[in-house]
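Understanding the architecture of this molecule
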Amino acid sequence: MSYYLGLAQLIGIHTLLGLSAYVLMLTGQLSLGQAGFFAIGAYCAGILTVIFELHIVPALLIAALLAAFFAFLVGFPALRVKGLMLVVATIAFGEFVRLFFFNLSWRVPRDGIHVGPDSTNGFREIRYFVANGWSAWEITLFVWTFVLLVMAALWWTDRSRAGAVLRAVGEDELAAQSVGLSLTTVKVTAMTAGGFIAGVGGALYAHTATYVDHLTFTVLLATFAISYPILGGLSSVFGTLVAVIFIQGVLVEGLRFMGDWRSIVFGLLIVVAMNLKPSGLFDARTARLLRRAVGLRGGEKSRA
Amino acid sequence: MLELSGLSKHFGGVKAVDELDLTVNEGEIVGLIGPNGSGKSTTINLICGVFGETAGTVRFRGELMNGKPPHQRLRAGLARTFQNIRLFPNLTVWQNLWVAQNSPQDVSARGFLPRWFGATRRTRREIADLLDLADLGHKDDELASNLAFGEQRRLEFARAAATRPRLLLLDEPAAGMNQQEIADLSRRIHRVRDSGVTILLVEHVMELVMGVTEQIAVLNFGRKIAFGTPGEVQRDKAVQEAYLGASDPGDGSA
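Residues numbered from 1 in each chain as written. Chains lettered and ligands numbered in written order. Predicted model: local features only at pLDDT ≥ 70, side-chain atom pairs only at ≥ 80, totals over all residues. Heavy atoms only, no water.

Regarding the packing of aromatic side chains
Residue and element names in this part refer to chain A. The final tally for this structure, using the stated rule, is 21 aromatic pairs over all chains. With 5.1 Å between their ring centres and 90° between their planes, Trp134 and Phe142 make a pair best called edge-to-face. Residue Trp134 is classed as partly exposed on the basis of its relative accessible area of 24%. The buried category is assigned to Phe142, whose relative accessible area is 12%. On the basis of an interplanar angle of 35° and a centroid distance of 6.0 Å, the ring pair of Phe224 and Tyr228 is categorised as tilted. Here the residue Phe224 and the residue Tyr228 both occupy positions in helix α10 (residues 219–232), the gap between them amounting to four residues, near one helical turn. For the pair Phe224 and Tyr228, a shared accessibility class is recorded, and that class is buried. (Phe/Tyr/Trp six-rings, centres within 6.5 Å; stacked < 30°, edge-to-face > 60°. Buried < 20%, exposed > 50% of the residue type's maximum accessible area, 1.4 Å probe, protein only. Helix = DSSP H or I, 4+ residues; strand = E, 2+ residues; numbered from the N terminus.)

Observations concerning the interface of chain A and chain B
In many analyses, interface size is given as the accessible surface area lost on bringing the parts together. Taken together, the contacts link 26 residues of chain A with 29 residues of chain B. The junction of chain A with chain B conceals about 2,600 Å² of combined surface from both sides, 60% of it contributed by carbon and sulfur atoms. On the surface where chain A and chain B come into contact, there are one salt bridge. Here Asp172 of chain A ties to Arg86 of chain B by a salt bridge, and the two come within 2.8 Å at their closest N and O atoms. For the pair chain A and chain B, the interface holds six residue pairs in polar contact (both at pLDDT 80 or more). Mapped by element, the contributors of at least two residues to the side of chain A that touches chain B are α6 (136–159), α7 (161–171) and α8 (173–178) of chain A. No other element matches α7 of chain A, which puts seven residues into the side of chain A that touches chain B. Taken together, the residues that form the side of chain A that touches chain B break down as ten nonpolar, eight polar and eight charged. (Contact = heavy atoms within 4.5 Å. Buried area = accessible area lost by both parts, 1.4 Å probe. Salt bridge = Lys/Arg side-chain N within 4 Å of Asp/Glu carboxyl O. Polar contact = N/O pair within 3.5 Å; in protein donor to acceptor, adjacent residues only side chain to side chain. Nonpolar A, V, L, I, M, F, W, Y, C, P; charged D, E, K, R; others polar.)

Side note on the sheet that holds strand β5 (residues 63–64) of chain B
All names here are of chain B. Taken in spatial order, the four strands line up as β2-β1-β4-β5 in an open sheet, and their pairing is antiparallel. Each end of this open sheet is capped by a strand with a single partner; those strands are β2 (14–24) and β5. Sheet topology places strand β1 (residues 2–11) next to β2; seven bridges connect them, and they run antiparallel. The residue bridging Leu2 from the neighbouring strand is Val24, located in β2. (Pairing = 2+ DSSP bridges.)

As for the pairing of strand β8 (residues 198–202) of chain B
Walk down a regular strand and you will see the side chains alternate between the two sheet faces. Residues and elements named next belong to chain B. In terms of burial, β8 is largely enclosed, as five of its five residues are buried. Neither face of β8 is left uncovered, since the one carrying Thr198, Leu200 and Val202 and the one carrying Ile199 and Leu201 both have all their residues buried. One ladder, built from four bridges, connects strand β3 (residues 29–33) with β8; its direction is parallel. From the neighbouring strand, Ile29 faces β8, where its bridge partner is Ile199. Relative to β8, strand β7 (residues 167–171) is paired through five bridges, and the arrangement is parallel. When the sheet's bridge partners are listed, Leu170 is paired in β8 with Leu201.

Describing the environment of Ala243 of chain A
Residue and element names in this part refer to chain A. Tracing the backbone shows Ala243 in helix α11 (residues 237–253). Expressed as a C-alpha distance, the spacing of Ala243 and Ser105, which sit 138 residues apart in the sequence, is 36 Å. Setting aside residues up to four positions removed in sequence, Ala243 forms contacts with Tyr228, Leu231, Gly232 and Leu281.

Regarding the packing of α7 of chain A against helix α3 (residues 93–100) of chain B
At a closest axis distance of 9 Å, the pairing of α7 of chain A and α3 of chain B adopts a crossing angle of 95°. In terms of orientation, α7 of chain A and α3 of chain B fall into the roughly perpendicular class. Residues Arg161, Ala164, Val165 and Ala168 of chain A of α7 of chain A touch α3 of chain B, and the partners they reach there are Gln95, Trp98 and Val99 of chain B. Partitioning the contact of α7 of chain A with α3 of chain B into residue classes produces five nonpolar, one polar and one charged. (Axes fitted to C-alpha atoms, helices over the stretch in contact; angles between N-to-C directions. Parallel < 35°, antiparallel > 145°, perpendicular 65-115°, else oblique.)

Side note on the sheet that holds β8 of chain B
All names here are of chain B. Judged by pairing direction, the sheet is mixed, and its six strands sit side by side in the order β6-β7-β8-β3-β9-β10 without closing on themselves. The open sheet has two edge strands, β6 (78–80) and β10 (223–228), and neither has a second partner. When the angles between neighbouring strand axes are averaged without regard to direction, this sheet yields 20°. With five bridges connecting them, strand β9 (residues 215–220) and β10 associate as antiparallel partners.

Some details on the environment of Pro89 of chain B
Along the polypeptide, Pro89 of chain B turns up in the loop between β6 and α3. Pro89 of chain B gets classed as partly exposed once you look at its relative accessible area, which sits at 32%. In this structure, the C-alpha to C-alpha distance between Pro89 of chain B and Arg124 of chain B, residues 35 residues apart in sequence, is 21 Å. Filtering out sequence-adjacent residues up to four positions away, Pro89 of chain B remains in contact with Glu171 of chain A together with Leu143, Ala144 and Ser145 of chain B.

Section: the pairing of β3 of chain B
Residue and element names in this part refer to chain B. With five of five residues buried, β3 lies mostly within the body of the structure. Here β3 shows no split at all, with Ile29, Gly31 and Ile33 on one side and Val30 and Leu32 on the other all buried. For β3 and β9, the ladder comprises four bridges, and the chain directions are parallel. Along β9, the bridge assignment pairs Val30 with Gln215.

With respect to the domain arrangement of chain B
Residues and elements named next belong to chain B. Assigned domains of chain B: these are domain 1 (1–77 + 165–254) and domain 2 (88–162). In this structure, domain 1 and domain 2 have C-alpha centres spaced 26 Å apart. Between domain 1 and domain 2, the residue contacts involve 15 residues of the former and 13 residues of the latter. With both sides pooled, the region where domain 1 packs onto domain 2 buries about 1,200 Å², and carbon together with sulfur makes up 63% of that total. Taken as a group, Arg75, Arg188 and Arg191 account for 42% of the area that domain 1 buries against domain 2, more than any other trio of residues on that side. Linking domain 1 with domain 2 are one salt bridge. Note that Asp132 and Arg191 form a salt bridge whose closest N and O atoms lie 3.3 Å from each other. Breaking the side of domain 1 that touches domain 2 down by element, the ones donating at least two residues are β7 and α8 (179–194). Across the side of domain 1 that touches domain 2, the residue classes break down as nine nonpolar, one polar and five charged. (Domains from an automatic or database assignment.)

See the structure below:
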């Protein structure tokens, strides 16, 4: 059972990671820096609960706000460039963050031992859940509370004018400017929101894993972050969730029995999925079918 | 209201717009015509800030616009349509108009949350009016990319009107339209003008230009070669020569 709960937590956390890339992708921007914001969230929340002995909720919120703040700062220079150049710029940021934590040593004595980030050895003592006697069920519930809150917020945003504005910028920048939208404002706002979401994910990750080190936050993690919304499609937040379940649940975990063949089949299945559903696993058509199955009518003034 | 003086745009050695002086007064419908490649669309792009000018100034309601990005010019009251329609194809008709409702009046009159997240009753009423203007009331939930060509043109026109502009720049709005659609368009242009919007119309279709404009400026090779009422312009020798010596520029085939 604890294996499945652990998997559920992982899926929740990766959904947050994917949604952080999803927000920015709505404006047509691709960032490979999401692992950096995730790392900021993870390390900061860990430091706050371990060294400052804060409760998990304020620690998580502060960590997420800090990640959002850095996303805001990075957004201004990074979003002046587009396409591949933005990808390169955000990779550089992600690596910068990773190497910062690689070198960060901040050990303090606590109950006879030293705790805190220990540069190359990682940050090993993020035991908030264990120390407070949380059960695996409670941790899973805690993680999914945040996942559902973020998903609900984004789902609602998508139906609002703000969501239409994000998509408008993603569809045609010149037309968006011509109806009075400031590209910088819209993109930096999306980047900041994405940073916040990645920060929440990172904070939850650090506490469920109890141990983080810089190797967790490489470009590979950033690649996962963007592959979820790409595979799931941008028609709604559920696409990202479906893609995370598909990749983490089915491909990564489900194919374990294949041993070394797993990576090959993994890649193959992604290619097949992209060919069968080029606009995402969860595209407008799937959404319509599902809605009909549940007996709901389409949103009256919003996109299907 | 709009004053261009000495406005020039050079692309390498090509003088797309050359020392253009043009004044548009409030409440007028002014036409800007000329053969292909005479610099009409470049002029629109200079006025809207899509390109930076090589020389000269753009003044709008007395305010210098040089160096301002397009979205700031829009907020000053300069809206436009595009020669090749640029809608938000995967947003619905309703959303296309919703996004464009971003006028300065809203910024002061309404709070942050209703502006970005709510659709107030006023918003809905205004969008209903715009749908009526574009004759798209029955297609509000359709994706813009699913509309027919003429409908897309109408939606783009309504989207520009949704920003509540003071000056509306129309870049060849009648391209590809039939007689009936041109008649509808000229009715629509008058309706917008009567609500207090000044209009600068760039157009090839002489039927529309001669029918709706009060003043016409004629460009050729980036220079203004004539300015006057439709009648005056039609009789102008330089204009007739610019249109390949045609005795009647009204054929519009240039």
